[in-house]
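Chains, contacts and geometry: an overview
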Amino acid sequence: MTSKERVGNGERKIRVVYVCATGLGVTSFLQQKINGVISEIEIVGFASVLNYARIVAQTEPDLIISAFPVDSQDIPVLQVKPLTSEKDIQLIQKTVTSLLEQGKGHFPTIKSTSVPQAVSAQELNQETIVKGFMVYEALKQSFQDRLRSEFSEGFLLHILLTVHRIMFDAQYEETATVAFSNQVLDDIEVIFNQHDLSINDNEIRAITEYFIKS
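First things first, this report covers the structure right here in the doc. (Residues numbered from 1 in each chain as written. Predicted model: local features only at pLDDT ≥ 70, side-chain atom pairs only at ≥ 80, totals over all residues. Heavy atoms only, no water.)

Quick look at helix α6 (residues 182-194)
Formally: We count a stretch as a helix when DSSP gives it H or I for four or more residues in a row; a strand needs E for two or more, and each element gets its number in order from the N terminus. Take the residue count of a helix, subtract one, and multiply by 1.5 Å to get its expected span. Exposed residues in this analysis have more than 50% of their type's maximum accessible area, buried residues have under 20%, and partly exposed residues fall in between, with area computed by a 1.4 Å probe over protein chains only. By arc we mean the arc of the directions from the helix axis to the C-beta atoms, nothing more.
Here α6 spans 18 Å end to end across 13 residues, near enough to the 18 Å set by a 1.5 Å rise per residue. Listed as buried for α6 are Val184, Leu185, Ile188, Ile191 and Phe192. Along α6, the residues classed as buried sweep out an arc of 120° about the axis, all on the same side. Turned more than 90 degrees away from the buried face of α6, the exposed residues are Asn182 and Gln194. One or two steps after α6, the chain reaches aspartate 196, where phi turns positive at roughly 60°.

Next up, the structure:
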């Protein structure tokens, strides 16, 4: 059998390389955030500002998305904010659509066999941080009118630790009263579920301690 085979749907995708300061961290955040919105993208590589020329030469992307200014004579470059705003995502979608209309893009490839690989502690820690920040960002956007400003920094740390506890199966067991409606509690749970995190009621109640009591 060959090592790779074409995806059967026949749809072209724009091959993308992400560039940030180190080639890690922010690029993972971008990947998770954009992949859920733009399906016509195939991520073919991550690069740092130091090695991006080599990575681009190796992967031959159709588009470079970067959190820092980079030069490329032959390949379009989109510079986005490190945390990728909605405006950035719209620009990426517009550019991807335009490139496809110009006949750019490749048929994505998949491996003919899938062999599970062990996840290193470093990769798991990085995933925890990235996923934690994405949950924090979603919660902050949904509950910006309820968050207590004096606890804003603590709220970020709390959410990062909450995600860490969930991923390592060590959630709160203590119960506590809550002064918010079931709808608020349900909305918090939905955000965690959207990021494949199963949060228990006690953790949800703890999060509401950062909200203004209504």
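Text resumes after the structure shown.
A short note on the nonpolar core
Nonpolar side chains tend toward joint burial in soluble globular proteins. The following threshold applies: The criterion is simple. A nonpolar core is a set of buried Ala, Val, Leu, Ile, Met, Phe, Trp, Tyr and Cys residues joined through side-chain atoms within 4.5 Å. By the convention used here, residues are in contact when the closest approach between their heavy atoms is within 4.5 Å.
Membership of the largest hydrophobic core comes to 22 residues, with the highest contact counts inside it found for Leu139, Phe155, Ile188, Phe192 and Phe211. At the level of elements, α4 (121-142), α5 (152-167), α6 and α7 (201-207) are the ones that each hand at least two residues to this core. Apart from residues no more than four positions distant in its own chain, isoleucine 188 is found in contact with Leu139, Phe143, Ile204, Ile207, Thr208 and Phe211. The next biggest cluster of nonpolar side chains, apart from the first, holds 15 residues, and it includes Tyr18, Ile41, Ile92 and Val96.

Some words on unusual backbone geometry
Positive phi outside glycine occurs at glutamate 60, with the angle close to 50°. Considering the arrangement of structural elements, one finds glutamate 60 in the loop between α2 (52-59) and β4 (63-66). For glutamate 60, a relative accessible area of 58% puts it in the exposed group. The phi angle at aspartate 169 is positive, at roughly 55°, despite the residue not being glycine. With relative accessibility at 71%, the residue aspartate 169 sits in the exposed group.

A short note on the packing of aromatic side chains
To keep things clear, this is the line we draw: Two rings from Phe, Tyr or Trp (for Trp, the six-membered ring) form a pair when their centres are within 6.5 Å of each other. A pair whose planes differ by under 30 degrees is stacked, one over 60 is edge-to-face, and the rest are tilted. Charges are assigned to positions over rings by a cutoff of 6 Å between ring centre and Lys NZ or Arg CZ, combined with an angular limit of 35 degrees from the ring normal.
Applying the stated criterion across every chain yields a total of eight aromatic pairs. By way of ring pairs, the aromatic residues Phe133, Tyr136, Phe143, Phe151, Phe155, Phe180, Tyr210 and Phe211 are connected into one cluster. Between arginine 165 and the ring centre of tyrosine 172, over which it is positioned, the NZ or CZ distance is 4.2 Å.

What to know about the pairing of strand β2 (residues 14-20)
Spelled out, the test is: Two strands make a pair as long as DSSP finds a minimum of two bridges between them.
Buried residues dominate β2, accounting for seven of its seven residues. Bridge analysis of β2 against strand β3 (residues 41-48) gives seven bridges, and the strand direction is parallel. Of the residues in β3, the one forming a bridge with tyrosine 18 is phenylalanine 46. In this sheet, β4 lies alongside β2 in parallel orientation, the contact comprising four bridges. Its bridge partner lying in β4, valine 16 is registered against leucine 63.

Section: the sheet that holds β4
Formally: Helix axes use the C-alpha atoms of the stretch in contact, all axes being lines fitted to C-alpha atoms, and the angles between their N-to-C directions lie in the range 0 to 180 degrees.
The sheet built from four strands is open, its strands ordered β3-β2-β4-β5 with parallel pairing. Of all the strands in the sheet, the pair left with one neighbour each is β3 and β5 (77-79). Taken over all neighbouring pairs, the strand axes of this sheet differ in orientation by 25° on average, direction set aside. Sheet strands touched by α2: β2, β3 and β4. Its angle to β3, the strand with the most contacts, is close to 150°.

Observations concerning the environment of serine 149
Note that serine 149 resides in the loop between α4 and α5. Linking serine 149 and isoleucine 212, residues 63 residues apart in sequence, is a C-alpha distance of 9.2 Å.

Here we look at the pairing of β4
What you see with β4 is no split at all: Leu63 and Ile65 on one side and Ile64 and Ser66 on the other are buried throughout. With three bridges joining them, β4 and β5 adopt parallel strand pairing. Following the sheet pairing, serine 66 is matched in β5 by glutamine 79.

What about the side chain of lysine 13?
Threshold: Charged residues are defined here as Lys and Arg on the positive side and Asp and Glu on the negative side; His and the ends of the chain fall outside this count. Only one rule defines a salt bridge in this text: a Lys or Arg side-chain nitrogen within 4 Å of an Asp or Glu carboxyl oxygen. N or O atoms closer than or at 3.5 Å make up a polar contact, with two conditions inside protein: a donor-capable atom paired with an acceptor-capable one, and, for residues adjacent in sequence, both atoms drawn from side chains.
Mapping lysine 13 onto the fold places it in the loop between β1 (4-6) and β2. For the buried lysine 13, which has no salt bridge, the nearest side chain bearing the opposite charge is glutamate 11, at an N-O separation of 5.2 Å. Within the structure, the side chain of lysine 13 is placed 2.5 Å from the backbone oxygen of serine 39, a separation counted as a polar contact.

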